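# Coordinate inspection notes
Next come the chains, spelled out residue by residue.
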Amino acid sequence: LVLHRRQYVKLVTQSTNRLHVFLTGIFPEGEKKYFTQLLKILPYYPTPSEIARSRGMKRVKGVGKTTKSTIKGLAKETVGIPAGYYRNLILNLCWQREQALTWQNEITESIEMEVGQHPYGAILRSFPRFGSITAATIIGTIGDINHWSSDKKLKKALGVYSSFQESGKSLSVRKQGRGGNRLCKSA
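Residues numbered from 1 in each chain as written. Predicted model: local features only at pLDDT ≥ 70, side-chain atom pairs only at ≥ 80, totals over all residues. Heavy atoms only, no water.

## What to know about the packing of aromatic side chains
How we decide: Classification of ring pairs rests on two measures: the distance between centres of Phe, Tyr or Trp rings, Trp counted by its six-membered ring, which must be within 6.5 Å, and the angle between planes, read as stacked under 30 degrees, edge-to-face over 60 and tilted in between. Numbering of helices and strands runs from the N terminus, with a helix taken as a DSSP run of H or I at least four residues long and a strand as a DSSP run of E at least two residues long. Summary of the burial criterion: residues with accessible area below 20% of their type's maximum are buried, those above 50% are exposed, and those between are partly exposed, where the area comes from a 1.4 Å probe applied to protein chains only. Two thresholds decide whether a charge sits over a ring: the Lys NZ or Arg CZ must be within 6 Å of the ring centre and within 35 degrees of the ring normal.
Scanning the model with the defined rule gives 3 aromatic pairs in all. Relative to Trp-103, the ring of Tyr-8 has its centre 5.3 Å away and its plane inclined at 50°; by these criteria the two rings are tilted. Here Trp-103 lies in helix α5 (residues 87–117) and Tyr-8 lies in helix α1 (residues 2–26), a separation of 95 residues in the sequence. An angle of 45° between the planes, with centres 5.4 Å apart, marks the rings of Phe-22 and Tyr-86 as tilted. Placement of Phe-22 in helix α1 and of Tyr-86 in the loop between α4 (65–76) and α5 is noted, with a sequence separation of 64 residues between them. For Tyr-86, a relative accessible area of 27% corresponds to the partly exposed category. Lying over the aromatic face of Tyr-45, Arg-59 brings its terminal NZ or CZ to 5.5 Å of the ring centre.

This is the structure we're talking about:
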């Protein structure tokens, strides 16, 4: 589930980045300061001309009235390239982004439920800054704690060990080890 969730996180990031690129070209004034608000507006009004013609953007939730009016004013005076050709691409990217966010949230809920039922879940979530995703990643790597013969092997598998590195100029410098599960290391 954690790997599946990571794929949706990547998909959300990719579609957000593509929207960012399109907005840089067609609506540079709005994109520069109001990108996060435009992500909420674009599914309903994908081009600056549609934003400018809108009547208060009533369908858009989560954006204040003053911000809406400022964005509408910027859309009327934009110097970006004509956006008519990109309208369907923007709508498609918005749909993909929303769908990926929905799937990501569903998988996150599943992970939270599974971690809550696992015997190690409560212990791992008691650590500071450990959420359900981090706990699930560690649980997936550990499996059954009784299968590990020593704490050193467990640390190496998780990627949280140090190693000595020596060269002709320095003596015994400790550095983070390179082995272990890359997901655990990032978690």
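This is not the end of the story, as more comes after the structure.
## Considerations on unusual backbone geometry
Outside of glycine, negative phi angles account for most residues, and trans bonds account for most peptide bonds. Although it is not a glycine, Met-57 adopts a positive phi angle of roughly 50°. Examined against the element boundaries, Met-57 turns out to sit in the loop between α3 (48–53) and α4. The class of Met-57 is buried, set by a relative accessible area of 1%.

## Some details on the packing of helix α2 (residues 28–41) against α4
This is how the line gets drawn: For helices, the axis comes from a line fit to the C-alpha atoms of the stretch in contact; other axes are also lines fit to C-alpha atoms, and the angle between any two N-to-C directions lies between 0 and 180 degrees. Roughly parallel means an angle under 35 degrees; roughly antiparallel, over 145; roughly perpendicular, 65 to 115; everything else is oblique. Take the far helix as your reference; a near helix turned counterclockwise from it by less than a right angle gives a left-handed crossing, and one turned clockwise gives a right-handed crossing. Any two residues whose heavy atoms approach within 4.5 Å are treated as being in contact.
Contact pair α2 / α4: the axes reach a minimum separation of 11 Å and the direction vectors enclose 125°. Classed by the angle they form, the pair α2 and α4 counts as oblique. Crossing of α2 against α4: the hand is left-handed. Counting all contacts with α2, which are made through Glu-29, Gly-30, Tyr-34, Gln-37, Leu-38 and Ile-41, the residues of α4 involved are Thr-67, Thr-70, Ile-71 and Leu-74.

## Examining the packing of α5 against helix α7 (residues 132–142)
Stated formally: Think of it as three bins: nonpolar holds Ala, Val, Leu, Ile, Met, Phe, Trp, Tyr, Cys and Pro, charged holds Asp, Glu, Lys and Arg, and polar takes everything else, Gly as well.
Relative orientation of the contacting elements α5 and α7 amounts to 65°, with a least axis distance of 9 Å. Helix-helix and strand crossings are classified by hand; for α5 and α7 the assignment is left-handed. The residues of α7 that touch α5, namely those facing Thr-108, Ile-111, Glu-112 and Val-115, are Ser-132, Ile-133, Ala-135 and Ala-136. Taken together, the residues of the contact of α5 with α7 break down into 5 nonpolar, 2 polar and 1 charged.

## Quick notes on the pattern of salt bridges
Counted only if it meets this: Counted as salt bridges are all cases of a side-chain nitrogen of Lys or Arg within 4 Å of a carboxyl oxygen of Asp or Glu.
All told, the structure shown has 2 salt bridges when counted by the stated rule. Its salt-bridge partner being Glu-50, residue Arg-87 comes within 2.5 Å of it at the nearest N-O pair. One end of the pair, Arg-87, is in helix α5; the other, Glu-50, is in helix α3, with 37 residues separating them in the sequence.

## Points about the side chain of Glu-50
On the basis of relative accessible area, Glu-50 is assigned to the buried category, the value being 14%. Leave out the neighbours within four places in its chain, and Glu-50 touches Tyr-44, Tyr-45 and Arg-87.

## Examining the nonpolar core
Within soluble globular proteins, side chains that are nonpolar generally end up buried alongside one another. Our working rule: Put simply, buried Ala, Val, Leu, Ile, Met, Phe, Trp, Tyr and Cys residues joined by side-chain atoms within 4.5 Å make one nonpolar core.
In this structure, Leu-19, Leu-23, Phe-27, Leu-38, Ile-41, Ile-51 and Ile-71 are the most contacted members of the largest nonpolar core, which totals 22 residues. Counting residues per element, the ones that place at least two in this core are α1, α2, α3, α4 and α5. Per-element accounting of this core gives the leading share, 5 residues, to α2. Apart from residues lying up to four places away in sequence, Ile-71 is in contact with Phe-27, Tyr-34, Gln-37, Leu-38, Ile-41 and Ile-51.

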